[in-house]
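Residue-level structural notes
Next come the chains, spelled out residue by residue.
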Amino acid sequence: MTNEKKLPENRNKEDKKTKTDKVETDTALKLFNELSENNKVLVCTLLGEAGGESDPKKSMQAVANVLQNSAESNHQSRGKTATAQALSNKQFSMWNSYNDGKITKQDVYNKYKKHNQMKVAISIVNSMKSLEDLTKGANYYYADHVNPAWAKDTTTTKWIQTA
């Protein structure tokens, strides 16, 4: 008689899934670390603004569209690049603490660098200029569970269903 214990079958599957998840996270983190500073800002903006939505890919693409539209038109003279638009004061709430001097960019990077949608966000940023514009030219967006004061002065161009 041996003292060997047989692991439950589902535990072996969990161990494989955990290893696969770690490889995916490590791969995404490597890709993130290789990005330019500008692209790191954009990836974090997509993740922070839409990475947790019910359809994160579609939602992050819409954020990328708004960034690109705003950059192309130098919206409100906030800058001609998507990065300048992203970092513009009080434009993208996930950067508010950075803009207020409470945290550094590295703090923001550290918060998002292991996000489960990292590879999707990187892919979107890498193809930003050629993406279909889901927003139909919008320079603003907001989630349907908030009601920002500025929204009353805007015209809805597109309602994007993500659920």
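First things first, this report covers the structure right here in the doc. Position labels on residues start from 1 in each chain and follow its written sequence. Local features in a predicted model are, by the rule used here, given only for residues with pLDDT of at least 70; side-chain atom pairs are given and counted only at 80 or more, and totals for whole chains, interfaces and linings are based on all residues. Only hydrogens and water are removed before side-chain values are computed, so all heavy atoms of the structure are retained for them.

This part takes up the overall build of the protein. Each helix and strand in the protein was counted, giving seven helices and zero strands. Counting helices and strands in the order they occur from the N terminus, the protein gives α-α-α-α-α-α-α. The proportion of buried residues among the 163 residues of the protein is 34%. Residues count as neighbours in contact if any of their non-hydrogen atoms are within 4.5 Å of one another. Intrachain contacts of the protein at a sequence separation of at least 6 include 61% that bridge at least 24 residues. The accessible surface values rely on the Shrake-Rupley method and a 1.4 Å probe; as for residues, cover is taken only from the protein chains in view. Carbon and sulfur atoms provide 47% of the accessible area of the protein, an area that totals close to 10,600 Å². Put simply, DSSP H or I for four residues or longer makes a helix, DSSP E for two residues or longer makes a strand, and each gets a number counted from the N terminus. The cut-offs for exposure are 20% and 50% of the maximum accessible area for each residue type, with area from a 1.4 Å probe on protein chains only; residues under the lower value are buried, those over the upper are exposed, and the others partly exposed.

On to the nonpolar core. Among buried residues, the Ala, Val, Leu, Ile, Met, Phe, Trp, Tyr and Cys ones that are joined through side-chain atoms within 4.5 Å form a nonpolar core. Counting residues in each nonpolar core, the largest one holds 31 residues, and the members touching the most others are F32, V43, C44, L46, L67 and W95. Elements represented by at least two residues in this core include exactly α1 (9–33), α2 (37–50), α3 (56–72), α4 (82–87), α6 (105–112) and α7 (118–126). Considering every element that reaches this core, the biggest residue donor is α2, with seven residues. Among all residues touching C44, those that are not within four sequence positions of it are F32, M94, W95, V108, Y109 and Y112.

Moving on: the layout of surface pockets. One number sums up the size of the second largest pocket: a volume of about 210 Å³. Points on a 1 Å grid over protein atoms alone make up a cavity when a 1.4 Å probe fits among them but cannot get out, and a pocket when they form an open set with protein on both sides within 12 Å along at least five of seven lines; lining residues each have an atom within 4 Å of a point. Every residue along the wall of the second largest pocket is listed here: N38, N39, L42, Q68, A71, K80, T81, A82, T83, V125, M128 and K129. Mapped by element, the contributors of at least two residues to the lining of the second largest pocket are α2, α3 and α4. If one sorts the elements of the lining of the second largest pocket by residue count, α2 sits on top with three residues. Each residue belonging to the lining of the second largest pocket can be placed in one class, and the counts come to five nonpolar, five polar and two charged. Grid points are joined across faces, edges and corners, and a volume is the space filled by probe spheres set on the points. Under this grouping Gly is polar, as are all residues other than the nonpolar Ala, Val, Leu, Ile, Met, Phe, Trp, Tyr, Cys and Pro and the charged Asp, Glu, Lys and Arg.

Looking now at the packing of α3 against α7. Between the N-to-C directions of two axes lies an angle of 0 to 180 degrees, each axis being a line fitted to C-alpha atoms and, for a helix, fitted only over the stretch in contact. The contact between α3 and α7 brings their axes to 10 Å, and the two run at 35°. Viewed along their axes, α3 and α7 form a crossing whose handedness is right-handed. Of the residues in α7, those touching α3 at K57, M60, Q61 and A64 are V120, A121 and I124. With the far helix as reference, a near helix turned anticlockwise by less than a right angle produces a left-handed crossing, and one turned clockwise produces a right-handed crossing.

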